[in-house]
Amino acid sequence: MAKSIYDQTYARSMRDPQGFWAAAAEDIHWDRRWDRVFDDSRPPFYRWFTGGELNTCYNALDLHVDRGRGKQRALVYDSPVTGTVRTYTYFELRDAVARCAGMLRRQGIEKGDRVIIYMPMVPEAVIAMLACARLGAIHSVVFGGFASNELAKRIDDAKPKLILSASCGIEVNRVIPYKPLLDGAIALAQHTVNRCVIFQRPQETAPMVRGRDIDWNEALAGAAPAECVPVPATDPLYILYTSGTTGVPKGVVHDNGGHAVALKWSMNAVYGMGSGETFWAASDIGWVVGHSYIVYAPLLKGCTTILYEGKPVGTPDPGAFWRVIADHGVSALFTAPTAFRAIKKEDPQGTYMAKYDLSRFRTLFLAGERCDPDTLHWAEERLRVPVVDHWWQTETAWPIAANCVGLGMLPVKPGSPTKPVSGYDVRVLGEDNQEMDAGQIGSIAIRLPLPPGCLPTLWNNDTGYEKSYLTKHPGHYLTGDAGYKDADGYVYIMSRVDDIINVAGHRLSTGAMEEVLAAHPDIAECAVVGVADEIKGEVPVGFVVTKAGVARDEGEIVRELVEKVRERIGPVAAFKTALVVKRLPKTRSGKILRGTIKKIADGQDYVAPATIDDPVILTEITEALGTRGYPKK
Ligand code: COA
Ligand code: AMP
């Protein structure tokens, strides 16, 4: 049988990675060509395109203006929560970004400086990201749903010279003031922040701290447009913090050169998008999906990108996505399965879809969490377009496994994100580091080197990078996911091997939540597990044992715990349920049996491990869960 284009392309990327990526790099404008496509002089810190110089912002904006795309829409801001639609052409976006970069320069920002962006989904946030890239400054965007404490951790690690923020975000119909969270974070952080530029939104004006805060528009007034500063390909473009296995987030770094090459390549190969078409990633700029597929990749490709400040439901109804697709001529939508579960719940028949012209809509991409076959089929049947499940992580910035639309789609197998994308040598390994047979579950690893665009290291933490990702399976990058490959080489992602859970497509550490619960003065010990949820996929549920002698009302303690997690981690954790239990099930060596608790809560069959300390505790846990309505089905 003739090999598919996908197979041929993948084989080429494995056989001759340097030739493969050098060819892809021809699509990028380089201020200086690279000396080495692939630099393995300092293993395991492999680098791509060393010696090369470029500017990511130039490639995302100016290049298109120079090549005659200036009048095309670059960015469409669609905000049902404020009733606003605003369009920027490539000309307009380039000019806005150049002025913003000039403003940053006036604030003393230069190449290599860090700038934290803590902003809602407004165009100014995208402009700020690109303005940092223009100057070679390193941005670190922090998702608005995180609380002060999480922001403070990021401030202390990134040590920004400047923070860009806004007075508020808008969640459906609630105004969420951002400024108190920012002020709280700066007060908590050890690192001193001398300057904040605040974008005042009409929905809520924030009080300013004298001498530290400046109004965005005042700072912008009279700023001279800044030119693009060429930077080494291996210089960081951004740091994005993500949940690790402890309460300390990991500062994932992505560089300029490899990132631009891989992202631009992915737009056609993975997403089947051509320049001039409209791409919509319905995510948030605080997540990697937002970095890669709201901002960088579509603009590098010369597409129109949509910045949507709204939800799949409630803004105003479950037809919101179809309205945006129809209004702006979207060819491909990328979102998380949770968004579709939310739409399906409110509009099971898909009646809202019929109200809109979806004739230009070609493909739906889902990622961020396991795509359950029910959701996949529902979307396929209603939309009558291919639905592509694909798998990736903050660390890779672009897909590891996908059904590559631009390389000719392979048959869909529900439950699988299809096959590895070019450049990724995906292996399923056992404890002995040997490859598992087809169908057998193991730890999913990627044989080094990772392709361009993936993290070269953690911010200021080479040791942490090696320890977190490269130690478990020598010569491989540990994805942290467990799963298998079938006989046809399709990959199946089944679960995490660590304490990460996926709540509405958001990656969270249960360990971080346990740290918060354990800090409560009445709590002796605790466990947090991700329990199946109809809409969000998983939600965290806490199990706590109170200290001897604590006689307070349990409901009151639980309320305090819920409030503490919201205050310390943020509303995004969606931590709403905690149960006071007498004891936690453990092995004789003292390891809490979180996996078994999860199975009980989800109503799955389980076998009590032979090493369990006292099996009666499982009955107690089952009863406690029963009083709260678990398992749900
Ligand atoms: N700023 C401040 N607060 C925020 C926020 C932000 N940017 N984003 C979310 N929050 C708050 C929400 O208001 C909510 O607070 P609440 O507990 O007071 O209600 C909490 O964080 C949880 O938010 P969310 O996970 O969005 O849940 P939801 O119930 O409001 O909405 C969905 C559920 C499914 C509609 C929503 O999660 C969604 O649209 N998901 C799309 C998937 C996605 O974007 N994934 C990202 C990776 S692709
Ligand atoms: P994040 O770094 O926030 O993008 O989260 C990455 C994690 O989300 C992965 O390691 C997986 O656990 C999960 N994930 C992402 N996409 C998928 C998918 N298509 N199928 C299953 N899990 C996924």
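Residues numbered from 1 in each chain as written. Chains lettered and ligands numbered in written order. Predicted model: local features only at pLDDT ≥ 70, side-chain atom pairs only at ≥ 80, totals over all residues. Heavy atoms only, no water.

Participant: I'd like a rundown of a positive patch on the surface, residues and numbers included.
Facilitator: Together, R174, K536, R566 and K576 make up a positively charged patch on the protein surface. Assignment of secondary structure puts R174 in strand β10 (residues 174–177). (Patch = residues over 30% accessible without salt bridge, like charges linked within 9 Å, V, L, I, M, F, W, Y side chains within 5 Å. Areas by Shrake-Rupley, 256 points an atom, 1.4 Å probe, with all protein chains shown as cover. Salt bridge = Lys/Arg side-chain N within 4 Å of Asp/Glu carboxyl O. Lys, Arg positive; Asp, Glu negative; His and termini not counted. Charge placed at Lys NZ, Arg CZ, Asp CG, Glu CD. Helix = DSSP H or I, 4+ residues; strand = E, 2+ residues; numbered from the N terminus.)

Participant: For the site of ligand 1, give the residues involved together with the corresponding values.
Facilitator: With respect to spatial proximity, 22 residues lie near ligand 1, and among them E171, R174, K311, K536 and R566 are the closest. Residue Y178 places a side-chain N or O atom 3.2 Å away from a nitrogen atom belonging to ligand 1. A distance of 2.9 Å separates an oxygen atom of ligand 1 from a polar side-chain atom of K576. Out of a free accessible area of 940 Å², ligand 1 has 84% covered by protein chains. Residue composition of the shell around ligand 1, grouped by class: 10 nonpolar, 6 polar and 6 charged. Both of domain 1 (5–310 + 390–479) and domain 2 (500–627) provide at least three residues apiece to the shell around ligand 1. (Near = heavy atom within 4 Å. Polar contact = N/O pair within 3.5 Å; in protein donor to acceptor, adjacent residues only side chain to side chain. Nonpolar A, V, L, I, M, F, W, Y, C, P; charged D, E, K, R; others polar. Domains from an automatic or database assignment.)

Participant: An account of the site of ligand 2 is requested, with residue identities and associated values reported.
Facilitator: By nearness alone, 15 residues border ligand 2, and H390, T394, D481, R496 and R507 come closest of all. The contact in question runs from a nitrogen atom of ligand 2 to an N or O atom on the backbone of R370, over 3.5 Å. Separating an oxygen atom of ligand 2 from a side-chain N or O atom of R507 is a distance of 2.6 Å. Protein coverage of the free-state accessible area of ligand 2, which is 490 Å², stands at 93%. Class assignment of the residues belonging to the shell around ligand 2 gives a composition of 4 nonpolar, 5 polar and 6 charged.

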